Amino acid sequence: MKDILGKQIKKDFPIFKNNPDLIFLDSAASTQKPQVVIDAIKDCYEKYYANVHRGLYQLSAKSSEAYEGVRDKVVKFINASSISEIIFTKNTTESINLVAYAWGRQNIDKGDEIILTAMEHHANIVPWQQLAKEKSAVLKFIPVDKDYRLGISELSKLLTKKTKLVAVTHMSNVLGTINPVKDIINKAKSFNKDIKVIVDGAQSVPHFAVDVQDLNADFFAFSSHKMAGPGGVGVLYAKQELLEKMPPFLTGGDMITEVTLKQATWNELPYKFEAGTPAIAEVIGLGAAIDYLYKVGLDKVFQHEEELTKIALKKVSAIPGVEIFGPKQVKDRGGAVAFTVKDVHPHDVASILDNQGVAVRAGNHCTQPLHDKFGIQSTVRASFYLYNQPEDIDALVKGINKVKEVFK
């Protein structure tokens, strides 16, 4: 394997020092945190923590400056147009729900159509199911083809004059498939420029550079905890003209300019969508994670994971009785490898691997419709990030062979 990042990068993550035998292969669920992120959160609490935006004293001003500085970093990180387009939420799920409530309930009517894909995470299905039930709208799905990719040619058949929204994951958390979202957006907007597109970027932003203006996405959501940052922080990017027309998602403090006993007026963007005291230290931790990823280089992160995925696909697929779900080639594919072991329940596979010190995920990975398509209830998923090395895959292979030995 090309030594793109090097083994020393693992030293940036204290969890591996404290758990020297840990082989962590569950980064698609949540990544480990480098020391610089932990230190940033610690420094906030120890040196300058105070509520943001509201205090006239110096400590609050410093906390506010640090907090808002992260918004500037996010603008640059995904190439948004301005800070007005960056909303801090709890996670990708809340970001999608914000759009479903604040945009969807204003713009989706009876008979309108929402196009999803068959590989979506539940977070990008259930909010639209609920909206469709409430509004008597229609859900349509772009199918997954035999190569574990979206049948993009089917999109043209699904688009009609009633289509209002397309919701698509940038990268499948199970299959590893990187979807051609720019082509999907172009096709939808060429059909009708008023169709809006929301992209679930939870699995893409941590692994490769994303330019929301180049994609021309109307909404784009991602989570801090999947990109070496802390939990409890998500980001919703949305075009400013859309946010200006949308009502607040949550109401209360900080998202208002004036309140009387009879009415209230809303704060300017982006604060209109950030009610109450935010996750201050966690947002600052996200800023540290962005700085860290810049220092490492997202291009190197992606190349590193691509090399790991090549090795994993080759070695895991060579084990008799193992079936991999996802593209067999690395092209347009991320570092998530889902598989089953013949005649062994995925939970048993994960349990035995855990006994070998290998942490993987087993279940439906919040993609029940996708697993239903394959006629199975669950899979085992090994997912990689910048701190993984080829020997981690060797440990995975050794663990799978141990599973086969136990269940022979």
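Owing to the predicted nature of the structure, the values given are computational and were not obtained by experimental measurement.

Novice: So what about the sheet that holds strand S6 (residues 196-200)? Which residues, and what values?
Specialist: What the 7 strands build is an open sheet, ordered S2-S8-S7-S6-S5-S3-S4; its pairing is mixed. Edge positions in the open sheet fall to strand S2 (86-89) and strand S4 (138-142), since each of these has one partner strand only. Across the sheet, the mean angle from the axis of one strand to that of its neighbour is 20°, orientation sign disregarded. Bridge count between S6 and strand S7 (residues 219-223): 3 bridges; the pairing is parallel. Across the sheet, residue Asp-200 finds its bridge partner in S7, namely Ala-221.

Novice: So what's going on with helix H3 (residues 58-78)? Which residues, and what values?
Specialist: Taking 1.5 Å per residue, 21 residues should reach 30 Å; H3 reaches 31 Å between its end C-alpha atoms and fits that length. All of the buried residues along H3 are Ser-60, Ser-63, Ser-64, Tyr-67, Glu-68, Val-70, Arg-71, Val-74, Val-75, Phe-77 and Ile-78. One or two positions beyond H3, positive phi appears at Asn-79, with a value near 60°.

Novice: I'd like to hear about the packing of aromatic side chains, residue by residue, with values.
Specialist: Under the criterion given, the structure shown has 15 aromatic pairs. Ring centres 5.3 Å apart and planes at 55° place the aromatic pair Phe-16 and Tyr-387 in the tilted group. Of the two residues, Phe-16 is situated in helix H1 (residues 14-18) and Tyr-387 in the loop between strand S15 (379-383) and helix H14 (390-406); the sequence distance between them amounts to 371 residues. Look at Phe-16 and you get buried, because its relative accessible area is 9%. For Tyr-387, a relative accessible area of 0% gives the class buried. Seen in terms of ring centroids, Tyr-148 and Phe-325 are 6.5 Å apart; in terms of plane orientation they differ by 85°. Their pairing is edge-to-face. With Tyr-148 in the loop between S4 and helix H6 (155-158) and Phe-325 in strand S11 (residues 322-325), the pair connects residues that are 177 residues apart, well separated along the chain.

Novice: Please set out the domain arrangement of the protein residue by residue, giving values where relevant.
Specialist: Under the domain assignment used here, the protein contains domain 1 (7-30 + 297-406) and domain 2 (38-294). Relative to domain 2, the C-alpha centre of domain 1 lies at a distance of 28 Å. Each side of the interface is counted separately: domain 1 has 41 residues, and domain 2 has 32 residues. Note on domain 1 versus domain 2: buried area summed over both sides is about 2,800 Å², and carbon and sulfur give 58% of it. Its largest share of buried area at the contact with domain 2, domain 1 owes to Leu-298, Leu-370 and Tyr-385, together 22% of the area lost on that side. In this assembly, domain 1 and domain 2 are joined by 20 residue pairs in polar contact (both at pLDDT 80 or more). Of all the secondary structure elements, the ones that give two or more residues to the side of domain 1 that touches domain 2 are helix H11 (298-317), S11, strand S12 (336-341), helix H13 (368-374) and S15. Per-element accounting of the side of domain 1 that touches domain 2 gives the leading share, 6 residues, to H13. Here the side of domain 1 that touches domain 2 is composed, by residue class, of 20 nonpolar, 12 polar and 9 charged.

About the cut-offs
- For every chain, the first residue of its written sequence is number 1, and the numbers climb from 1 along that sequence.
- Thresholds applied to this predicted model are a pLDDT of at least 70 for local features of residues and 80 or more for the giving and counting of side-chain atom pairs; totals over whole chains, interfaces and linings are not thresholded and use all residues.
- Side-chain metrics in this entry use all non-hydrogen atoms of the structure; hydrogen atoms and water are not considered.
- Strands are labelled as partners when DSSP assigns at least two bridges between them.
- Secondary structure elements are taken from DSSP: a helix is a run of H or I of four residues or more, a strand is a run of E of two residues or more, and numbering for both begins at the N terminus.
- Inter-axis angles, ranging from 0 to 180 degrees, are taken between N-to-C directions of lines fitted to C-alpha atoms, where helices are fitted over the stretch in contact.
- Helix span, expected: 1.5 Å multiplied by one less than the number of residues in the helix.
- Each residue's exposure class comes from its accessible area (1.4 Å probe, protein chains only) as a fraction of the maximum for that residue type: buried when under 20%, exposed when over 50%, partly exposed otherwise.
- Any pair of Phe, Tyr and Trp rings, taking the six-membered ring for Trp, is counted once the centres come within 6.5 Å. Such a pair is stacked with planes under 30 degrees apart, edge-to-face with planes over 60 apart, and tilted for the rest.
- Throughout, the edges of the domains are those of an automatic or database domain assignment.
- The contact criterion used throughout is that any non-hydrogen atoms of two residues lie within 4.5 Å.
- Once two parts are put together, the accessible area they lose, assessed with a 1.4 Å probe and summed over both, is termed the buried area.
- Between N or O atoms, a polar contact is any pair within 3.5 Å; within protein, one atom must be a potential hydrogen donor and the other a potential acceptor, and residues adjacent in sequence are included only when both atoms are from side chains.
- Note on residue categories: nonpolar means Ala, Val, Leu, Ile, Met, Phe, Trp, Tyr, Cys or Pro, charged means Asp, Glu, Lys or Arg, and polar means any other residue, Gly included.

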